[in-house]
Amino acid sequence: MATTKDKKTASARKGKKSAKDKFDKETYMYWYRSMQLIRKFEAKCGQVYGRQKIKGFLHLYIGQEACASGAVSALQKGDKYITAYRDHGHPLALGTDPKAVMAELYGKATGVSKGKGGSMHLFDKANGFMGGHGIVGAQVPLGAGIAFAEKYNKTGKVCMCYMGDGAVRQGAFHEALNMAMTWKLPVIFVIENNGYAMGTSVQRTSNVTELYQLGESYDIPSEPVDAMKVEEVHLSVEKAAERARAGEGPTLLEFRTYRFKGHSMSDPAKYRTKEEENEYKNQDPIEQVRESILKGKFATEDDLANIDKEIKKTVEEAVKFADESPYPDPSEAFKDVYAQEDYPYIMD
């Protein structure tokens, strides 16, 4: 049975041409490979975390893959991305080497952040990924700032700024939206609304449960998006990017998605019913793409099975690489802290 949230999202899409009519084989195959890589990578992370190979917190992206892959396919090389601490999927969708991501989760020197960031602080400047950030909502003004730099430098690029539904309770969110619209910054604010800020539902934390409406308070064009459908993600981001590049300012998108795991590995998610979980698993974004590929005859079942095997091998190689990589030298603790490389630390 569709939830109220689903019905309103469907209503927002009413009258649109079918998204599936717009995309070609290349796009669908990218989506399938990208989302399957994220899914299998995250599943493996959960396994090795259980073996204590990954320490600290671990927030998996399983179920939300379309939020990253659909945006990457809609934007350009050189555009910037920033998010919170559920951040493994974004660099993988952007093309970051899975070995470097896994090594970072292991805290190894070969990691994408040299083993200093771990699960919640992945960065990849070369691919435009400006980091995962551990403080709730802190990345929102940073995203606006990145967009300000792009506008100031006249690059024609935009910034995708992701946040969870819990981050919209932070004052920094409202301040950033206000300034972004005032200065017409090329930023796309994305609320990844998976229904729960940690373990508390949106309905219990806010009088405004249609979160996209928060952007309307600042006259920012805002809309809900069925983010279980990667096509809808792509189309909404594409439209927002066109607006941003035209100098018309920010857009706020509420990606209505769902995580198939708890908030983190320490969360058994007992606050959700099995019926609710199954309802969303029946909308699995990867299975929907698989169905579209087969229906469009872009690939066969055997072709997809071979892709799955390739991805599984890639993930296993990433784990092997992380296992065999060295930990950072203790001296690394004093590097990459300040721009001045010879900053006078007191070492004794």
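Residues numbered from 1 in each chain as written. Predicted model: local features only at pLDDT ≥ 70, side-chain atom pairs only at ≥ 80, totals over all residues. Heavy atoms only, no water.

## Quick word on the environment of Gln47
Point 1. When you line up the elements, Gln47 lands in helix α2 (residues 25-50).
Point 2. In this structure, the C-alpha to C-alpha distance between Gln47 and Tyr81, residues 34 residues apart in sequence, is 28 Å. (Helix = DSSP H or I, 4+ residues; strand = E, 2+ residues; numbered from the N terminus.)

## Observations regarding the packing of aromatic side chains
Point 1. All chains considered together, the criterion is met by 11 aromatic pairs.
Point 2. A ring pair is formed by Phe23 and Trp31, whose centres lie 4.9 Å apart and whose planes are at 65°; its orientation type is edge-to-face.
Point 3. The exposure class assigned to Trp31 is buried, which follows from its relative accessible area of 0%. (Phe/Tyr/Trp six-rings, centres within 6.5 Å; stacked < 30°, edge-to-face > 60°. Buried < 20%, exposed > 50% of the residue type's maximum accessible area, 1.4 Å probe, protein only.)

## Quick word on the nonpolar core
Point 1. Counting residues in each nonpolar core, the largest one holds 65 residues, and the members touching the most others are Met102, Met160, Ile188, Val237 and Phe255.
Point 2. Of the residues forming this core, the biggest block, 10 residues, is contributed by α2.
Point 3. Discounting chain neighbours no more than four positions away, the residues touching Ile188 are Leu75, Val158, Cys159, Met160, Cys161, Val237, Ala240, Ala241, Thr251 and Leu253. (Core = buried A, V, L, I, M, F, W, Y, C linked by side-chain atoms within 4.5 Å. Contact = heavy atoms within 4.5 Å.)

## Here we look at the pairing of strand β1 (residues 80-83)
Point 1. By the alternation rule, side chains of β1 split into Lys80 and Ile82 and Tyr81 and Thr83, which are all buried.
Point 2. Note: β1 against strand β3 (residues 159-164), three bridges, orientation parallel. Note on β3: the bridge partner recorded for Lys80 is Cys159.
Point 3. Two strands pair when backbone bridges link them, and β1 and strand β2 (residues 129-132) are joined in this way by two bridges, in the parallel orientation. (Pairing = 2+ DSSP bridges.)

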